[in-house]
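Here is what each chain is made of, one letter per residue.
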Amino acid sequence: MPKSKKKSSTPQKPWRKTVKKAMKQATEEEAKQRFGTADPLFNYRWEHVTAVVTLALKLGELTGADLEVVEAAAWLHDIRKEAGPKHPQEGAKAAHEILPTTDFPPEKIGHVAKVIRSHMGLWRKKPLKDLEAQVLWDADKLAKIGLTAAFHFTPLTLMKGNGTALQTIINDARSNSKWMTKTVASMHTEPAKRAAEKRLKRFTRLWTRLEAELNGQDLLS
Ligand SMILES: [Fe+2]
Ligand SMILES: [Fe+2]
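Draft legend 1. Quick peek at the coordination of the iron ion (ligand 2). At the metal site, the iron ion (ligand 2) is ligated by His-48 (NE2), His-77 (NE2), Asp-78 (OD) and Asp-140 (OD), and these contacts range over 2.1 to 2.3 Å. Note that the iron ion (ligand 2) binds four donor atoms; their angles at the metal cover 81 to 173 degrees, and the shape is irregular. Along the chain, the residues donating to the iron ion (ligand 2) fall in the pattern H-x28-H-D-x61-D. Between the iron ion (ligand 2) and the iron ion (ligand 1), a separation of 3.7 Å is found, and both are coordinated by Asp-78. You can see His-48 sitting in helix α2 (residues 44–63) and its partner Asp-78 sitting in the loop between α3 (67–76) and α4 (87–98), a full 30 residues away along the chain. We note that His-48, like Asp-78, is buried.

Draft legend 2. A look at a positive patch on the surface. Residues Arg-194, Lys-198, Lys-201, Arg-202, Arg-205 and Arg-209 make up a contiguous surface patch of positive charge. By secondary structure assignment, the location of Arg-209 is in helix α9 (residues 190–215). By relative accessible area, Arg-209 is classed as exposed at 54%.

Draft legend 3. Spatial organisation of empty space enclosed by the protein. All told, the structure shown has one cavity of 30 Å³ or more when counted by the stated rule. In this structure, the largest cavity occupies an estimated 40 Å³ of space. Taken together, the elements giving at least two residues each to the lining of the largest cavity come down to α1 (15–35) and α2. Of the residues assigned to the lining of the largest cavity, the class counts are three nonpolar, two polar and three charged.

Draft legend 4. Spotlight on the packing of helix α7 (residues 147–159) against helix α8 (residues 166–185). One way to put it is that α7 packs onto α8 with a least axis distance of 11 Å and a crossing angle of 130 degrees. Judged by the inter-axis angle, α7 sits oblique to α8. The two elements α7 and α8 cross, and the hand of that crossing is right-handed. On the side of α7, the interface is formed by Ala-149, Phe-153, Thr-154, Thr-157 and Leu-158, while α8 contributes Ile-169, Asp-172, Asn-176, Trp-179 and Met-180.

Draft legend 5. Spotlight on the environment of Val-19. By the secondary structure assignment, Val-19 is in helix α1. Judged by its relative accessible area of 0%, Val-19 is buried. Each C-alpha atom, one on Val-19 and one on Gln-167, is 39 Å from the other, the two residues being 148 residues apart in sequence. When near neighbours in sequence (up to four residues on either side) are disregarded, Val-19 contacts Trp-75, Leu-76, Ile-98 and Leu-99.

Draft legend 6. Main features of the side chain of His-188. Topologically, His-188 is positioned in the loop between α8 and α9. Under the relative-accessibility criterion, His-188 is labelled buried at 12%. At a separation of 2.9 Å, a polar atom in the side chain of His-188 contacts the main-chain amide nitrogen of Leu-128. Residues within four places of His-188 in sequence aside, it is in contact with Arg-124, Pro-127, Leu-128, Gln-134, Trp-137, Asp-138 and Lys-193.

Draft legend 7. Representation of the nonpolar core. One finds Leu-76, Ile-79, Leu-99, Val-112, Ile-145 and Met-180 to be the most contacted residues of the largest nonpolar core, which totals 58 residues. Per-element tally for this core: the top contributor is α2, with nine residues. Excluding residues within four positions of it along the chain, Leu-99 makes contact with Val-19, Ala-72, Leu-76, Phe-104, Ile-109 and Val-112.

Draft legend 8. Broad picture of the packing of aromatic side chains. Within the structure shown, the criterion is met by three aromatic pairs. One residue, Lys-24, lies across the ring of Trp-46, its end atom 5.4 Å from the ring centre. Over the aromatic face of Trp-123 sits the side chain of Lys-182, whose NZ or CZ is 3.8 Å from the ring centroid.

Criteria and thresholds
- Residues numbered from 1 in each chain as written.
- Chains lettered and ligands numbered in written order.
- Predicted model: local features only at pLDDT ≥ 70, side-chain atom pairs only at ≥ 80, totals over all residues.
- Heavy atoms only, no water.
- Donors = N, O, S within 2.8 Å, 3.2 Å for Na, K, Ca; no water.
- Tetrahedral: all angles 85-135°; square planar, octahedral: opposite > 155°, others 65-115°.
- Helix = DSSP H or I, 4+ residues; strand = E, 2+ residues; numbered from the N terminus.
- Buried < 20%, exposed > 50% of the residue type's maximum accessible area, 1.4 Å probe, protein only.
- Patch = residues over 30% accessible without salt bridge, like charges linked within 9 Å, V, L, I, M, F, W, Y side chains within 5 Å.
- Areas by Shrake-Rupley, 256 points an atom, 1.4 Å probe, with all protein chains shown as cover.
- Salt bridge = Lys/Arg side-chain N within 4 Å of Asp/Glu carboxyl O.
- Lys, Arg positive; Asp, Glu negative; His and termini not counted.
- Charge placed at Lys NZ, Arg CZ, Asp CG, Glu CD.
- 1 Å grid on protein atoms, 1.4 Å probe; cavity = no way out; pocket = protein on both sides within 12 Å on 5 of 7 lines; lining within 4 Å.
- Points joined across faces, edges and corners; volume = space filled by probe spheres on them.
- Nonpolar A, V, L, I, M, F, W, Y, C, P; charged D, E, K, R; others polar.
- Axes fitted to C-alpha atoms, helices over the stretch in contact; angles between N-to-C directions.
- Parallel < 35°, antiparallel > 145°, perpendicular 65-115°, else oblique.
- Left-handed = near helix turned anticlockwise from the far one by under 90°.
- Contact = heavy atoms within 4.5 Å.
- Polar contact = N/O pair within 3.5 Å; in protein donor to acceptor, adjacent residues only side chain to side chain.
- Core = buried A, V, L, I, M, F, W, Y, C linked by side-chain atoms within 4.5 Å.
- Phe/Tyr/Trp six-rings, centres within 6.5 Å; stacked < 30°, edge-to-face > 60°.
- Lys NZ or Arg CZ within 6 Å of the ring centre and 35° of its normal.

Coordinates in, geometry out; function isn't part of it.
Here it is, written out as structure tokens:
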């Protein structure tokens, strides 16, 4: 009897679960390098990426972007963060390695990689043209301003140790608000522009109010 020529096809992994798992592992590696443990009190990168995914999906819906491209790119955009300024290019390569092993539509993988490649920079001189790239860029930066930023940056500053005082956190926040103004001005999509302006106002107001409490200025008003 001739042997059956039936091809044994490897079952494809579900893409969302796969990229999420790959990203979680990358954040644990980063935490080990940064804080000496894979499970720190606050896993900044995981908090950041999950916030970006939520914002990117909302923004994608509001702007009519391709949600599969946007979501896959949002999960993977910082997966090679250790590569520093080259992490968008390295992240794009990772997308080409990971997504073909999953049930993600193969014809969209190149687009995901392009979106990841374009997410660099806290502000931009030239706006991005591709809608999905605009959505990821805006979502990534929205997650770095406003109250989200206040609650993400504060534990990071505290984890640097050395008995960091609240005033240092306020001073750090003030210097961050300088680039945030440029970030707000660089937003591409209308919903992100509106949200970014409000977020920056809340961020600035928060530190002013905190400083007023610390100094007892609120006793005078
Ligand atoms: Fe990034
Ligand atoms: Fe990011």
